[in-house]
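# Examination of the molecular architecture
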Amino acid sequence: MNTQENTIETTLQSLDNLQRLEVPIGLQFSIKNNFNGNAPSTMSTTQKWMLAASVVVLIGINVLTIKQYSKQSEKTTDTASYEKNLVYKEYFSNTIE
């Protein structure tokens, strides 16, 4: 056998005498209750409504911000195109006909 096979064999032999630990009864009971869906809700009805209201307010603020940003970008685009046209008009107004 080579060294790697010896290491594997030693590791496997070390697992032979291990015993399984028992889970405490109280822990088993609480785990079973959590998986059965019998766990009480951690949030009250008031907290749920406050959370829902907060989400609505955040969505409203985002919508208003997007509208405001689009209006501002339209103004900036209009001003930039006006200035661009003004430069071209000034440059070409002095041409000889």
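Below: a short report on this structure. (Residues numbered from 1 in each chain as written. Predicted model: local features only at pLDDT ≥ 70, side-chain atom pairs only at ≥ 80, totals over all residues. Heavy atoms only, no water.)

### Looking at the overall build of the protein
What counts, and what does not: Secondary structure elements follow DSSP: runs of H or I no shorter than four residues count as helices, runs of E no shorter than two count as strands, and numbering proceeds from the N terminus. Only protein chains enter the calculation, and the probe is 1.4 Å; a residue is then buried if its accessible area is under 20% of its type maximum, exposed if over 50%, and partly exposed in between. Using a 1.4 Å probe, accessible areas were evaluated by the Shrake-Rupley method; residue-level cover was limited to the displayed protein chains.
Looking only at helices and strands, the protein features three helices and zero strands. When its helices and strands are written in sequence order, the protein yields α-α-α. Expressed as a percentage of its 97 residues, the buried residues of the protein come to 0%. Summing over all exposed atoms, the protein offers an accessible surface of approximately 9900 Å²; the carbon and sulfur share of this is 61%.

### Brief notes about a nonpolar patch on the surface
Here is the rule: Patch criteria: residues need more than 30% relative accessible area and no salt bridge. Like-charged residues are merged within 9 Å; nonpolar side chains of Val, Leu, Ile, Met, Phe, Trp and Tyr are merged within 5 Å. Put simply, a salt bridge is a Lys or Arg side-chain nitrogen that is within 4 Å of an Asp or Glu carboxyl oxygen.
Together, Met 43, Leu 51, Val 55, Ile 59 and Val 63 make up a nonpolar patch on the protein surface, roughly 420 Å² of accessible area in all. Note on placement: Met 43 falls in the loop between helix H2 (25-35) and helix H3 (45-93).

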